[in-house]
Structure formats: C-alpha cells, structure tokens
Amino acid sequence: MSDKNAQQHTTSAALNERASRVIPGGVNSPVRAFGGVGGEPVFIADASGARMRDVDGNSYLDLVGSWGPLVLGHAHPEVVAAVTRAAGKGTSYGAPTLGEIELAEQIVGRTPCEKVRLVSSGTEATMSAVRLARAATGRDAVLKFAGCYHGHADYFLAAAGSGVATLGHPDSPGVPETATAETVVVPYNDLAAVEAAFEAHPGRIAAVVTEAIPGNMGAVAPADGFNEKLFDLAHAHGALLVSDEVMTGFRVGPGGVAAPADLYTYGKVMGGGLPAAAFGGRADLMDRISPAGPVYQAGTLSGNPLAVAAGLATLRLLDEAAYRKLDATAAEIQRLAGEALTKAGVPHRVSAPANLFSVFFGERPVRNFDDAAAQDTEAYGAFFHAMLEAGVHLPPSAFECWFVSTAIDEEALSHLAQALPRAAEAAARVRS
Ligand code: KE4
C-alpha cells in the first residue's frame, strides 16, 4: 500500500470501518464503541502520562485510564522498564515464579486477604470467588445488586425478576434460563430487599456479591454502614459476602475499601495495565481451591510474568503521597465540573464516594440503578463530545466513572478548566 494510501487508512474513521469488518462492532469490549454517547470511537496510537494521542494526531487528557488500571498514567517509565526487563527473560513459563509470590504478598499485605489466587481478568476473579462460595456453603444461589457489574459470567448477566421472591432472568441472549435461575437481583442500598430475598430463598443463597463502591452504574455511594450490615446479614443467613474490588482495589486507597467480607476480588490497578486480577480471602476458604483443595480453578496465563512485573511496579509506586494526590486531583476535577455545570444551569449531581466519581445529569440523588437510569444521557452525550472536541477523553458512557491518575498535573487541570464551561454549555443546549 502506498504511503498516501497507508496514511489514508490510518484515520479513526477508516480504522473503525476496517475494524468492523473483522471484529464485532469494531471493538474488543462493547463500551469502547461509543454506543453510550453516539458517534464513533477514536483509535489510540500512543499515550504517555495523562495524555493519549489518536491516529489522527489529536491529543486527549485521559480520564478513563483504561477503565481504572492506569492509576499512574500511561507508559510510566518504571512500569515500562519493569515490563521490558521481564519480557527479556521470557513472556510466560506456565510454571511458578518469584514475582507471583511477591505480588500475592503485596496484596495480602495491603488487604484483609490471607491468601490470593492470581488470574487474568476481573471476570475470572469474580467467577472463581462465586464458585468457591458455592463450594464452601453447599448452596447454589447468588444475590447481586441491579447496576453492579462483576464481569460477564452467565449467572451475572441477569436482570431482576419481578420481585425479590422471583429469581433473575437472562439479560443477554445466549445466557440460558438455568444460568440465571439461581441469581437474585435486588436494588442497591436496599438492606430490606436483601433480607426479603433471604426470607424468600431460605438456605439457598451461597453468596451476596457487591461492588465495594459501585462504579458500573456510575459511582454510587454505599449508604452509611451498608457494607458492614450486608456482611452481618449474609452471615445471619449462612451465606458468604464477596466484595468486588476489581475497580476500587488499590485505587481508592492502599488496600482498596477493605470492607468486611469473606472473599474479595481485585483487578485493573494490580496489573498496571496488563492482564492481572485476583481473588482472595480467609485461608480456610482459599485452601479449598485446587490443588490445595477440590474446587477447580485454572488459567494458562495466570500470574503472567509481564503482568506481574507491571502490577508490582505499579503497587510499589502507590505510596501514601500518591493516594493523597489522587484524592486531591479528583476533588479539584469534581469542583471544576460542578462549577461549570452550575454556571451553565445544567441539573447535575457529582457523585464522589471516593477518588473515582461520576457526574450524573439530573437532579435526583443517586442511590441505586433506577436513580442512575433517570439521568439525561443525551445531555451527557453532548457534554462528552464537547469535551472530546476540547481534547479531554471522558468515559463514553453516563454509567461509568471518571478515573484520575497521578500523572494529571497543573497544566492538565487548567486544560480541564478551559474545556468544562464550553462542554457544560453544550449540555445546556441539549436540554433547552
Ligand atoms: P474484566 O473481566 O473486564 O477484567 O473485569 C470485570 C469487572 C469486574 N468487577 C468490576 C467491579 C468491574 O468494574 C469489572 C469491569 N469494569 C468495566 C468498566 N466498567 C470494564 C470495562 C469494559 O468492560 O471494557
């Protein structure tokens, strides 16, 4: 192909068309396709620090951070050096390594977990934690909250039944009724609904699975003491609590939320942008996992040396000062966004249970998925595209979180301060 031709075929529009010929929707994960905001995705060529560059040469301040992993920003020199060093020694052995012990020790040292098993994705982590809870309790049913996302295992892709007494039904074609027949879906922040579900299904619920701080309906704060009461409620009915920290783990604090639970799942940050995740908890539970115990769980690339190197380098750089910077940066961005939207007269709620946060375009306080779903997603779409035009890449969905990184500096914040008022005006125009 001539240079000009090659050049012509490297625009995001051209790549989107080409990608769609060989990849469903042109992306390898649905949210990337901009379905939630309209338009077509930009294809990223490279990234460094807080910024990404697309194939057309446009630069963006990145507030997605690969959906959480890039807490230190892109291509951090120490992370890149660690991965390069590891790659030079081989990319995968399918045999145990020192690095896996060191990463497991980091996680155990930072969290309530006594033991962990490394896997390659958050889906694998939560799927394995549920299998372990089912084995430990001898029960099959799982209770989850509407709006919480725990990866795409069949039984998690369940829509709520008509009431807590009715079991879930498939929320995606290809998920058999039998898979969700053991899933109970209740509203988030509703302990009475959890209690009612236990009453309706006595002796059947193996685990309550919750996001420690929900981020997949946008960021939603657990009510005061919710996680702690959930733990007590699960135990009162002979069930275990799985606290899903794939998104919050090592981001909102050194050990994540670390609310009381029997099992925890992690991902994203612990891989530093490479595929690494984990599930863990009490040793008496984890020692049921094969080969220590009978509960089967496996993975060709679990504990992959490159992912472990990236994760270790990332966790070792995440000291108290890093968390203070993440919190301060998140607070400043929340302030700037709130100020701009208020000035433009756009109804909104900045929902910031931690340094991961969302801006809901609506006046209603957001306590659960129904509240989140009431927001004006069209206004968010206009806001998103105006920010993209202004060189800021927000999450392409009103039901996701904004993720900050330690790479966001004063220059980036002043860029945001310039971009937000115009984007707020764009949202106001949609609403008028
Ligand atoms: P993965 O299988 O995508 O690594 O992790 C699934 C998962 C599990 N638990 C929680 C709390 C999660 O947030 C996720 C995945 N998060 C989404 C972002 N909302 C991943 C982005 C995507 O699907 O492309």
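Since we're looking at a predicted model, the values are computed, not measured.

Reading the values: the criteria
Residues numbered from 1 in each chain as written. Predicted model: local features only at pLDDT ≥ 70, side-chain atom pairs only at ≥ 80, totals over all residues. Heavy atoms only, no water. Axes fitted to C-alpha atoms, helices over the stretch in contact; angles between N-to-C directions. Helix = DSSP H or I, 4+ residues; strand = E, 2+ residues; numbered from the N terminus. Left-handed = near helix turned anticlockwise from the far one by under 90°. Contact = heavy atoms within 4.5 Å. Parallel < 35°, antiparallel > 145°, perpendicular 65-115°, else oblique. Nonpolar A, V, L, I, M, F, W, Y, C, P; charged D, E, K, R; others polar. Domains from an automatic or database assignment. Buried area = accessible area lost by both parts, 1.4 Å probe. Salt bridge = Lys/Arg side-chain N within 4 Å of Asp/Glu carboxyl O. Polar contact = N/O pair within 3.5 Å; in protein donor to acceptor, adjacent residues only side chain to side chain. Buried < 20%, exposed > 50% of the residue type's maximum accessible area, 1.4 Å probe, protein only. Expected span 1.5 Å × (residues − 1). 1 Å grid on protein atoms, 1.4 Å probe; cavity = no way out; pocket = protein on both sides within 12 Å on 5 of 7 lines; lining within 4 Å. Points joined across faces, edges and corners; volume = space filled by probe spheres on them. Core = buried A, V, L, I, M, F, W, Y, C linked by side-chain atoms within 4.5 Å. Pairing = 2+ DSSP bridges. Near = heavy atom within 4 Å. Areas by Shrake-Rupley, 256 points an atom, 1.4 Å probe, with all protein chains shown as cover.

**Concerning the packing of helix H4 (residues 98-110) against helix H10 (residues 305-317)**
Then, in step 1: In the contact formed by H4 and H10, the axes pass within 9 Å of each other and the chain directions differ by 35°. When the axes of H4 and H10 are compared, the crossing they make is left-handed. Contacts from Gly99, Glu100, Glu102, Leu103, Gln106 and Arg110 in H4 reach Val308, Gly311, Leu312, Leu315 and Arg316 in H10.

**A look at the packing of helix H11 (residues 320-343) against helix H14 (residues 410-431)**
Helices that pack against each other are described as a pair by the angle of their axes relative to one another and the distance between those axes.
Then, in step 1: Contact geometry of H11 with H14 gives a least axis separation of 8 Å together with a crossing angle of 30°. When the axis of H11 is compared with that of H14, the two are roughly parallel. Seen along the crossing, H11 lies across H14 with a hand that is right-handed. When H11 is examined against H14, the residues Glu332, Ile333, Leu336, Ala337, Ala340 and Leu341 are found in contact with a partner set consisting of Leu413, Leu416, Ala417, Leu420, Pro421 and Ala424.
Then, in step 2: For the contact of H11 with H14, the class distribution of residues is 11 nonpolar, no polar and 1 charged.

**Considerations on the domain arrangement of the protein**
Then, in step 1: Partitioning the protein into structural domains gives domain 1 (3-63 + 320-431) and domain 2 (77-317).
Then, in step 2: A separation of 27 Å is found between the C-alpha centroids of domain 1 and domain 2.
Then, in step 3: Each partner contributes to the interface: domain 1 provides 22 residues, whereas domain 2 provides 22 residues.
Then, in step 4: Together domain 1 and domain 2 conceal approximately 1,700 Å² of surface at their shared face, both sides included; 59% is due to carbon and sulfur atoms.
Then, in step 5: Applying the counting criterion to the domain 1 and domain 2 interface returns 0 salt bridges.
Then, in step 6: The interface formed by domain 1 and domain 2 holds 9 residue pairs in polar contact (both at pLDDT 80 or more) in total.

**What to know about unusual backbone geometry**
Then, in step 1: Each neighbour pair has its own omega, and for Ser290 with Pro291 the value is 5°, a cis peptide bond.
Then, in step 2: Turning to its location among the elements, Pro291 is positioned in the loop between helix H9 (283-286) and H10.
Then, in step 3: One non-glycine residue, Phe34, lies in positive phi territory at about 70°.
Then, in step 4: Note on placement: Phe34 falls in the loop between helix H2 (12-22) and strand S1 (44-48).
Then, in step 5: We classify Phe34 as buried; its relative accessible area is 2%.

**Let's talk about H11**
Then, in step 1: Between its first and last C-alpha atoms H11 spans 35 Å; for 24 residues at 1.5 Å apiece the expected length is 34 Å, and the two agree.
Then, in step 2: Listed as buried for H11 are Ala322, Tyr323, Leu326, Thr329, Ala330, Ile333, Gln334, Leu336, Ala337, Gly338, Ala340 and Leu341.
Then, in step 3: For H11, the elements touching its buried residues are H4, H10, strand S13 (349-351), strand S14 (358-360), helix H13 (377-389) and H14.
Then, in step 4: Of the residues one or two after H11, Gly345 is the one with positive phi, at around 70°.

**Points about the side chain of Lys144**
Then, in step 1: On the secondary structure map, Lys144 appears in strand S5 (residues 141-145).
Then, in step 2: At a separation of 2.9 Å, a polar atom in the side chain of Lys144 contacts the main-chain carbonyl oxygen of Cys148.
Then, in step 3: Discounting chain neighbours no more than four positions away, the residues touching Lys144 are His150, Phe156, Thr183, Val184, Val185, Val186 and Val209.

**Examining helix H5 (residues 122-137)**
Then, in step 1: Between its first and last C-alpha, H5 extends 23 Å over 16 residues, near the 22 Å set by a 1.5 Å rise per residue.
Then, in step 2: Among the residues of H5, those classed as buried are Thr123, Glu124, Ala125, Thr126, Ser128, Ala129, Val130, Leu132 and Ala133.
Then, in step 3: Phi turns positive, to about 70°, at Gly138, one or two residues after H5.

**Things to note about the layout of surface pockets**
Then, in step 1: In this structure, the second largest pocket spans a volume of roughly 600 Å³.
Then, in step 2: Together, 26 residues line the second largest pocket, and Glu100, Val116, Arg117, Leu118 and Ser302 are the ones closest to its centre.
Then, in step 3: Those elements that place two or more of their residues in the lining of the second largest pocket are H4 and strand S4 (115-119).
Then, in step 4: If you tally residues by element for the lining of the second largest pocket, the top one is S4, at 4 residues.
Then, in step 5: Here the lining of the second largest pocket is composed, by residue class, of 13 nonpolar, 9 polar and 4 charged.

**Examining the nonpolar core**
Then, in step 1: Formed by 97 residues in total, the largest nonpolar core has its most connected members in Phe145, Phe383, Trp402 and Leu416.
Then, in step 2: Here this core spans two domains, since at least three of its residues come from each of domain 1 (3-63 + 320-431) and domain 2 (77-317).
Then, in step 3: Residues within four places of Leu416 in sequence aside, it is in contact with Leu61, Leu63, Ile333, Leu336, Met387 and Val392.
Then, in step 4: If you look at the next biggest cluster of nonpolar residues, it comprises 21 residues, including Leu132, Ala277, Phe279 and Leu285.

**Here's the deal with the pairing of strand S2 (residues 51-54)**
Then, in step 1: The side-chain alternation of S2 yields one buried face, formed by Met52 and Asp54, and one unburied face, formed by Arg51 and Arg53.
Then, in step 2: Strand direction decides the pairing type here: S1 and S2, joined by 4 bridges, are antiparallel. If you follow Ala47 over to S2, its bridge partner there is Met52.
Then, in step 3: Counting the residues in the hairpin turn of S1 and S2 gives 2 residues, including Gly49, whose phi is positive at 60°.
Then, in step 4: The sheet contact formed by S2 and strand S3 (residues 59-62) spans 3 bridges and is antiparallel. Counterpart to Met52 in the pairing with S3 is Tyr60.
Then, in step 5: Counting the residues in the hairpin turn of S2 and S3 gives 4 residues, including Gly57, whose phi is positive at 90°.

**Structural notes on the site of the ligand**
Then, in step 1: Near the ligand you find 16 residues, and of these Ser29, Thr123, Asn216, Asp244 and Glu400 are the closest.
Then, in step 2: A distance of 2.9 Å separates an oxygen atom of the ligand from a polar atom in the backbone of Gly122.
Then, in step 3: One nitrogen or oxygen atom from the side chain of Asn216 is found 2.4 Å from a nitrogen atom belonging to the ligand.
Then, in step 4: Summarising the interface, the protein chains cover 85% of the accessible area of the ligand, which totals 540 Å² for the free molecule.
Then, in step 5: The residue makeup of the shell around the ligand, split by class, is 5 nonpolar, 7 polar and 4 charged.
Then, in step 6: Residues lining the shell around the ligand come from more than one domain, with at least three contributed by each of domain 1 (3-63 + 320-431) and domain 2 (77-317).

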